[in-house]
Every structure is written in structure tokens, then in C-alpha cells.
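# Tertiary structure, described
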Amino acid sequence: MKKTGKLDYIEMAATGGTLDHVKAFYSAAFGWTFTDYGPEYAAFDEGLEGGFQAQAPAKPLPILYSEALEETLAAVEESGGTIIKPIFAFPGGRRFHFTDPAGNELAVWGE
């Protein structure tokens, strides 16, 4: 069962090469399989779900789950986090991005 705050997904960049090149590397090196969501995104489920995005920043993006997205956004702000992308829809649900007090960017998603 998913719970608020659970590390649920990670997105990584596929820059410096093509998305196909990155997928070929992880398939050959680790046996990963992918589900393509258009030409710019490929998802994996290898113990921790995640995906590679063609036009993403070079840093990984940890994504937490929330059972109540608006309440979690308020808790992040009240606790000293900075919202850098307000709640938006994406295929699969809605999410927002924030930075923690150390400057790390994370996202939170909900259904």
C-alpha cells in the first residue's frame, strides 16, 4: 500500500546521448526493460520504478507519493520547503516540485 512520503519513483536524464542509447545501455548492462511513453520518455520498473527523460536536468529527481496532494504541498511549505512547480497534471496523476532546505529538488505525486 502506498503511503504519503514513500519514495515511489525516480526520474533521470537521458541527455548526452539519445534515449535509445541510454535504454540500450541499461538493457545490456543490467537486463532492464522499458515502457515507452512517446519519443521523450521511457519508464522502468526494476525494484524502484522510474524513467528516463530526454530533456531533463542532469540530476536525478526523487519522487515521493502522497495520499492527499494539496495537504502534502501545504506541509512542505510549512516545514520550510520551497515550491518551484505548483501542482500540475501529467499522465498518471498530478504532482508538484519543491526544493528542501539543502537545495535538493524533489517531486510529490498523487492520483
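Values in this document were obtained by computation on a predicted structure and should not be read as measured data. (Residues numbered from 1 in each chain as written. Predicted model: local features only at pLDDT ≥ 70, side-chain atom pairs only at ≥ 80, totals over all residues. Heavy atoms only, no water.)

### A word on the packing of aromatic side chains
To keep it simple, the criterion reads: Each pair of aromatic rings taken from Phe, Tyr and Trp, with Trp reduced to its six-membered ring, is defined by centres within 6.5 Å and is described as stacked if the planes are under 30 degrees apart, edge-to-face if over 60, and tilted in the remaining cases. A 1.4 Å probe rolled over the protein chains alone gives each residue an accessible area, and that area as a share of the maximum for its type sets the label: buried under 20%, exposed over 50%, partly exposed in between. In this scheme, Lys NZ or Arg CZ marks a charge over a ring once it lies within 6 Å of the ring centre and within 35 degrees of the ring normal.
This model, assessed by the stated rule, comprises 14 aromatic pairs. Measuring from ring centre to ring centre gives 5.6 Å for Phe44 and Phe52, while their planes differ by 45°; the resulting arrangement is tilted. Each member of the pair, Phe44 as well as Phe52, is classed as buried. Within the aromatic cluster, the residues linked to one another by ring pairs are Phe25, Tyr26, Phe30, Trp32, Phe34, Phe44 and Phe52. Directly above the aromatic system of Phe90 lies the positively charged group of Arg95, at a separation of 5.4 Å from the ring centroid.

### Remarks on the pattern of salt bridges
Counted only if it meets this: One side-chain nitrogen of Lys or Arg within 4 Å of one carboxyl oxygen of Asp or Glu is enough to make a salt bridge. Helix and strand definitions here come from DSSP, where helices need a minimum of 4 consecutive H or I residues and strands a minimum of 2 consecutive E residues; each element is numbered from the N-terminal end.
Inspection of the entire model under this criterion finds six salt bridges. Note that Lys23 and Asp20 form a salt bridge whose closest N and O atoms lie 3.9 Å from each other. With Lys23 and Asp20 both in helix 1 (residues 19-30), this residue pair falls three residues apart, about one helical turn. One salt bridge connects Lys23 with Asp36, and the closest N-O pair in it is separated by 2.7 Å. Taken together, the residues Lys23 in helix 1 and Asp36 in strand 2 (residues 35-36) connect sequence positions 13 residues apart. A single network of salt bridges, built from pairs that share partners, joins Lys2, Lys6 and Asp8.

### Description of the side chain of Lys23
Rules: Under this definition, polar contacts are N or O atom pairs within 3.5 Å; protein pairs additionally need one hydrogen-donor-capable and one acceptor-capable atom, and for neighbouring residues in sequence, both atoms have to be side-chain atoms. We call two residues in contact whenever any of their non-hydrogen atoms come within 4.5 Å of each other.
You can call Lys23 buried: its relative accessible area is 13%. Within polar-contact distance, the side chain of Lys23 engages the side chain of Asp36 at 2.7 Å. Beyond its immediate stretch of four places on either side in the chain, Lys23 contacts Phe34, Asp36 and Ala42.

### Observations regarding the sheet that holds strand 1 (residues 7-13)
Let me state the cut-off plainly: Whether two strands pair depends on DSSP finding at least two bridges between them. To obtain each axis, a line is fitted to C-alpha atoms, and for helices this fit is confined to the stretch in contact; angles are then taken between N-to-C directions over 0 to 180 degrees.
Read from one edge to the other, the open sheet built from eight strands follows the order 2-3-4-1-5-8-7-6, with strand pairing classed as mixed. Bordering the open sheet on either side are strand 2 and strand 6 (82-90), each of which pairs with just one other strand. Relative to strand 3 (residues 41-45), strand 2 runs antiparallel, the two sharing two bridges. Paired with Thr35 across the strands is Ala43, a residue of strand 3. Most of the contacts of helix 2 (residues 69-78) go to strand 7 (residues 93-99), to which it runs at about 5°, and overall it touches strand 6, strand 7 and strand 8 (105-110).

### With respect to helix 2
Applied cut-off: What the arc describes is the spread of directions from the helix axis to the C-beta atoms.
Listed in full, the buried residues belonging to helix 2 are Leu69, Thr72, Leu73 and Val76. On an axial view of helix 2, the arc spanned by its buried residues comes to 105°, and they lie on one face. Of the exposed residues in helix 2, those oriented more than 90 degrees away from the buried face are Glu71 and Glu78. Elements that come into contact with the buried residues of helix 2 comprise strand 6, strand 7 and strand 8. Backbone geometry just after helix 2 places Gly80 at a positive phi near 105°.

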